[in-house]
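Commentary on secondary and tertiary structure
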Protein chains: 2
Amino acid sequence: MWYIRIMIKTLSALAEPNRLHIVEYLHDGPRSVGEIVEQLQLPQPQVSKHLRVLVEAGLVEVQPMAQRRIYRLRAQPFQELDEWLESFRRVWDERFDRLEEYLQQLQAAQKKDESLQ
Amino acid sequence: MWYIRIMIKTLSALAEPNRLHIVEYLHDGPRSVGEIVEQLQLPQPQVSKHLRVLVEAGLVEVQPMAQRRIYRLRAQPFQELDEWLESFRRVWDERFDRLEEYLQQLQAAQKKDESLQ
DNA sequence: TAGATATATATCTTGACGGATATATATCTA
DNA sequence: TAGATATATATCCGTCAAGATATATATCTA
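Residues numbered from 1 in each chain as written. Chains lettered and ligands numbered in written order. Predicted model: local features only at pLDDT ≥ 70, side-chain atom pairs only at ≥ 80, totals over all residues.

**Some details on the protein's contact with DNA strand D**
Taken together, the neighbourhood of DNA strand D is formed by 20 residues, with P45 of chain A together with S32, G34, P45 and S48 of chain B sitting nearest. Residues belonging to the surface near DNA strand D are distributed by class as follows: seven nonpolar, eight polar and five charged. (Near = placed C-beta within 6 Å. Nonpolar A, V, L, I, M, F, W, Y, C, P; charged D, E, K, R; others polar.)

**Structural notes on the nonpolar core**
Among the nonpolar cores identified, the biggest contains 31 residues, and L54 and V60 of chain A together with L11, L54 and V60 of chain B are the most heavily contacted of them. The biggest single contributor to this core is helix α1 (residues 2–14) of chain B, with four residues. (Core = buried A, V, L, I, M, F, W, Y, C linked by C-beta atoms within 7 Å. Buried ≥ 20, exposed ≤ 12 C-beta atoms within 10 Å, placed from the backbone. Helix = DSSP H or I, 4+ residues; strand = E, 2+ residues; numbered from the N terminus.)

**Examining the relation of the copies chain B and chain A**
In screw terms, the move from chain B to chain A is a rotation of 180 degrees and a rise of 0.0 Å along the axis, fitting with an RMSD of 0.1 Å. Here the copies are linked by what is in effect a two-fold axis. By C-alpha distance to the rotation axis, the residue of chain B lying nearest is L11 of chain B, at 2.9 Å. Counting the interface residues of chain B, we find that 100% of their copies in chain A are interface residues as well, pointing to one common contact surface. (Least-squares fit on C-alpha atoms with pLDDT ≥ 70 in both. Contact = placed C-beta atoms within 7 Å.)

**A closer look at the sheet that holds strand β3 (residues 68–73) of chain A**
Taken in spatial order, the three strands line up as β1-β3-β2 (chain A) in an open sheet, and their pairing is antiparallel. The strands lining the two open edges of the sheet, one partner per strand, are β1 (31–32) and β2 (60–65) of chain A. (Pairing = 2+ DSSP bridges.)

The analysis is restricted to geometry; functional conclusions fall outside its scope.
Dropping the structure here:
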């Protein structure tokens, strides 16, 4: 599946507490590295490292401004995640849990096995 | 934030290729461990291990059926993920990228600094 | 031009996690 | 009850990524 790699990139970038906090913080609007450091109370190199991962996953982008670097969210990966969830949403609507159906198929298959012996 | 831990659990459970494949496969309906093993072509203990992680994240649940264990998706974590994305959706609708606004604030702050000297 | 400021990069260490293998447990069936 | 079937658990190993620290780079300012 072509989109699996993209999803994994997005999901693993978000699945780290500090990075998720950064994303939540950037939700309010663009911020410089220094502001993120201040907000999260983390060593600056650690923040830069996490921001690099977020950039590579396409979740944020940078805009240089003198010595500062302004980071901001990109909509695309969130929209892709949203589209992926969409396929699940459709299934809830009808019937997410098709256990009964499955168990009946299982029993039918077993009877078939028995009759073949 | 109360929901951060939940989100991290969900995201890190999904952010592993084999587990994401399992979830995609279970999307079609409930399946036994053996069927998942067959589908993913992975060693059975590895599949059981991944399923355990998925159970602990609340993404799937088990239903014993003789020697077999039938796994199926649970809707809740997906819905929670959906709700989390909802807050981002709202921001895209108006203006996701408030860079101009931010830069103006930044310039205003700098002028203020200068005038204080 | 010499600091000062802001950020990135390089390097090392450590812990967690995925993969592999062997084995235990539970249930069915002959 | 003895295997056969289905799955879980235990253990070990190797890798990778996050944290910490030091340093490099770029830009501003006096």
